[in-house]
Amino acid sequence: MNRPATQSLVQAAIRIEEQSAFQTLKAIALAHPGKLLMTFSLVTLENLLLLAYPLFAGYAVDSILKGHSNNALMYSVVVLSFWVVGAIRRAVGTRTFTRIYAQLAVLIVLDQRAGEHSITVTTARIALAKGFVDFCEKHVPVIFTACISIIGSAGMLIYLQPLPGILCLLSLLILAFCLPSFNRRNQRTHQIINDQLRLETLLIDHCSVIKLKKHYNMLSRLRIALSDREASALSILGAIAATLSAVTIYELSTKSRIQAGHVYAVMTYLWTFVSSLDEAPSLVDQAAHLRNVGKRVRPSYSS
């Protein structure tokens with residue numbers, strides 16, 4: 001890793017009050033450009049192969065029905081490629097992010113020593129850093145997958161069956177309008193939760209039973225609020241998914257001389273689209289949590 005990139009990461013680690021989680025991620029990316037490029041290139045390739053799966057599966061179905069088994073075998077090549085790329089991506093990702101965490105943890109410890117913070121504060125901040133890096137390793141690929149699946153499936157539906165594809169794009173516009181408000185409310189809730197958790201050690205050591213009950217009851221109410229908000233969002237997404245399914249099934253049923261592989265591909269792309277939408281509330285909540293945690297993993301965060 002080059003010296004300017006290292007200095008950039010150190011500076012990002014120090015200016016806690018001035019930076020967002022995105023800026024922390026940017027600093028990490030500048031410090032490890034090659035490793036992250038390799039990791040996320042593999043993530044992208046894996047998802048493109050996943051997106052191609054229904055198209056090749058539909059082609060395989062039609063080939064089998066026509067007795068062209070050799071043509072259908074192309075499907076197995078796509079499946080093998082998907083699993084091989086996925087295995088390589090996981091191996092590379094683990095190596096990349098464990099090394100990033102190791103460097104970030106050392107920076108935190110050194111800065112905490114310089115600031116003469118307690119071991120408890122240092123340990124808590126290292127744990128936050130581990131959660132932040134784990135999010136990058138485990139959830140950022142999921143976000144990539146969801147985005148590629150949602151946009152790619154809608155695009156493939158427009159190509160295969162235009163009306164359902166256009167309706168998918170319209171539903172995306174509706175969600176794009178609603179999600180920012182959902183995200184802001186979750187960010188505020190996560191900030192309150194994390195503020196309370198920072199006080200937990202002090203409360204356990206010094207506070208009365210009444211204050212302890214008040215603290216944990218508040219955490220319970222906040223987490224229930226997050227869960228209820230996600231449940232409401234899922235109900236709306238369920239209604240959208242049911243409408244899209246009904247329209248698609250009706251349109252397919254009115255077409256004459258339609259091939260089985262075409263039906264399979266359309267229904268699979270539709271399922272990919274709605275199942276990816278189903279992950280949206282959880283991913284937005286995780287992103288809101290990441291933004292708040294990202295502001296706390298820098299060493300000089302004032303406790």
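1. With respect to the confidence of the model for the chain
Turning to step 1, where the next piece is worked out: On average, residues of the chain score 77 in pLDDT, and 78% of them reach the 70 mark or higher.
Turning to step 2, where the next piece is worked out: For the chain, helix H1 (residues 3-14) is the element with the lowest average pLDDT, namely 47, and helix H10 (residues 260-278) is the one with the highest, namely 88.
Turning to step 3, where the next piece is worked out: Long-range and interchain partners of residues 9-19, a stretch whose pLDDT sits below 50, account for 30 contacts in this model, where long-range means more than four residues apart.
Turning to step 4, where the next piece is worked out: A low-confidence stretch, residues 299-303 (pLDDT under 50), is modelled with 26 contacts involving residues beyond four sequence positions or located in other chains.

2. What to know about the packing of helix H3 (residues 33-66) against H10
When two helices pack together, their arrangement is given by the angle between the helix axes and the distance between those axes.
Turning to step 1, where the next piece is worked out: Contact geometry of H3 with H10 gives a least axis separation of 7 Å together with a crossing angle of 160°. Judged by the inter-axis angle, H3 sits roughly antiparallel to H10. When you trace H3 past H10, the crossing you get is right-handed. The residues of H10 that touch H3, namely those facing Leu 51, Ala 52, Tyr 53, Pro 54, Leu 55, Ala 57, Gly 58, Val 61, Asp 62 and Leu 65, are Ala 260, Gly 261, His 262, Tyr 264, Ala 265, Thr 268 and Tyr 269.
Turning to step 2, where the next piece is worked out: Residues that form the contact of H3 with H10 fall into these classes: 12 nonpolar, four polar and one charged.

3. Thoughts on the side chain of Ser 276
Turning to step 1, where the next piece is worked out: Assignment of secondary structure puts Ser 276 in helix H10.
Turning to step 2, where the next piece is worked out: Judged by its relative accessible area of 6%, Ser 276 falls in the buried class.
Turning to step 3, where the next piece is worked out: Within the structure, the side chain of Ser 276 is placed 2.8 Å from the backbone oxygen of Thr 272, a separation counted as a polar contact.
Turning to step 4, where the next piece is worked out: Residues within four places of Ser 276 in sequence aside, it is in contact with Ala 146, Ser 149 and Ile 150.

4. Digging into the nonpolar core
Turning to step 1, where the next piece is worked out: Cys 168, Leu 244 and Phe 273 are the most contacted members of the largest nonpolar core, which totals 20 residues.
Turning to step 2, where the next piece is worked out: The greatest single-element share of this core, amounting to seven residues, is contributed by H10.
Turning to step 3, where the next piece is worked out: Leave out the neighbours within four places in its chain, and Cys 168 touches Ala 154, Leu 157, Leu 244, Leu 270 and Phe 273.
Turning to step 4, where the next piece is worked out: Within the second largest apolar cluster, 15 residues are counted, among which are Ile 28, Ile 100, Val 133 and Cys 136.

5. Section: the packing of aromatic side chains
Turning to step 1, where the next piece is worked out: Taken as a whole, this structure holds four aromatic pairs when the rule is applied.
Turning to step 2, where the next piece is worked out: Summarising the aromatic geometry, the rings of Phe 40 and Phe 97 are spaced 6.3 Å apart at their centres and angled 70° between planes, so their arrangement reads as edge-to-face. Here the residue Phe 40 occupies a position in helix H3, and Phe 97 occupies one in helix H5 (residues 74-114), the gap between them amounting to 57 residues.
Turning to step 3, where the next piece is worked out: Here Phe 40 and Phe 144 contribute two aromatic rings whose centre-to-centre distance is 5.3 Å and whose plane-to-plane angle is 20°, an arrangement assigned as stacked. A residue pair is termed long-range when its members are at least 10 positions apart, and Phe 40 in helix H3 and Phe 144 in helix H6 (residues 119-160) qualify at 104 residues.
Turning to step 4, where the next piece is worked out: Site record: aromatic cluster; members linked through ring pairs are Phe 40, Phe 97 and Phe 144.

6. Let's talk about the side chain of Glu 46
Turning to step 1, where the next piece is worked out: Inspection of the secondary structure puts Glu 46 in helix H3.
Turning to step 2, where the next piece is worked out: For Glu 46, a relative accessible area of 8% puts it in the buried group.
Turning to step 3, where the next piece is worked out: Sequence-distant contacts of Glu 46, defined by excluding residues within four places in its chain, comprise Phe 82, Val 85, Gly 86, Arg 89 and Arg 90.

7. Some remarks on the packing of helix H9 (residues 209-253) against H10
Turning to step 1, where the next piece is worked out: The interhelical angle for the contact between H9 and H10, taken along N-to-C directions, is 170°, at an axis separation of 10 Å. Classified by the angle between their axes, H9 and H10 sit roughly antiparallel to one another. Residues Leu 234, Leu 237, Ala 241, Leu 244, Ser 245, Thr 248, Ile 249 and Leu 252 of H9 pack against His 262, Val 263, Val 266, Met 267, Leu 270, Phe 273, Val 274, Leu 277 and Asp 278 of H10.
Turning to step 2, where the next piece is worked out: In terms of residue class, the contact of H9 with H10 is made up of 13 nonpolar, three polar and one charged.

8. What about the pattern of salt bridges?
Two side chains that carry opposite charge are able to pair once their charged atoms sit near each other.
Turning to step 1, where the next piece is worked out: Under the definition given, this model contains two salt bridges.
Turning to step 2, where the next piece is worked out: The partner of Glu 46 in a salt bridge is Arg 89, and the shortest N-O contact between them spans 2.9 Å. Here Glu 46 is found in helix H3, whereas its partner Arg 89 is found in helix H5, with 43 residues between them in sequence.
Turning to step 3, where the next piece is worked out: Relative accessible area serves as the criterion here: at 14%, Arg 89 is assigned to the buried category.
Turning to step 4, where the next piece is worked out: The shortest N-O distance in the salt bridge between Arg 90 and Glu 46 comes to 3.2 Å.

Rules used in this analysis
Here the residue index of a chain counts from 1 through its sequence in written order. Owing to the predicted nature of the model, reporting of local features is limited to residues with pLDDT of at least 70; listing and counting of side-chain atom pairs is limited to 80 or more, with chain, interface and lining totals taken over all residues. Computation of side-chain values: all heavy atoms of the structure, hydrogens and water removed. Each residue carries a pLDDT value, the predictor's own confidence for that position, ranging from 0 to 100. Counting from the N terminus, the helices are DSSP H or I runs at least four residues long and the strands are E runs at least two residues long. A contact between two residues is defined here by any heavy atoms of the two lying within 4.5 Å. Fitted lines through C-alpha atoms serve as axes, helices being fitted only where they are in contact, and the angles separating the N-to-C directions of these axes extend from 0 to 180 degrees. Roughly parallel means an angle under 35 degrees; roughly antiparallel means over 145; roughly perpendicular covers 65 to 115; every other angle is labelled oblique. Left-handed describes a crossing whose near helix is turned anticlockwise from the far helix through less than a right angle; right-handed describes the clockwise counterpart. Polarity classes work like this: nonpolar for Ala, Val, Leu, Ile, Met, Phe, Trp, Tyr, Cys and Pro, charged for Asp, Glu, Lys and Arg, and polar for all others, with Gly in that last group. Classification of residues uses two cut-offs on accessible area relative to the type maximum, computed with a 1.4 Å probe and protein chains only: under 20% is buried, over 50% is exposed, and between them is partly exposed. Whenever a nitrogen or oxygen atom comes within 3.5 Å of another N or O atom, the pair is scored as a polar contact, on the condition that within protein one atom can donate a hydrogen and the other can accept it, and that pairs from neighbouring residues in sequence are kept only if both atoms are in side chains. Throughout, nonpolar core names a set of buried Ala, Val, Leu, Ile, Met, Phe, Trp, Tyr and Cys residues whose side chains join them through atoms within 4.5 Å. Any two of the Phe, Tyr and Trp rings considered here, Trp counted by its six-membered ring, make a pair once their centres fall within 6.5 Å; the pair's planes then place it as stacked at under 30 degrees, edge-to-face at over 60, or tilted in between. Any carboxyl oxygen of Asp or Glu that lies within 4 Å of a side-chain nitrogen of Lys or Arg is treated as forming a salt bridge with it.

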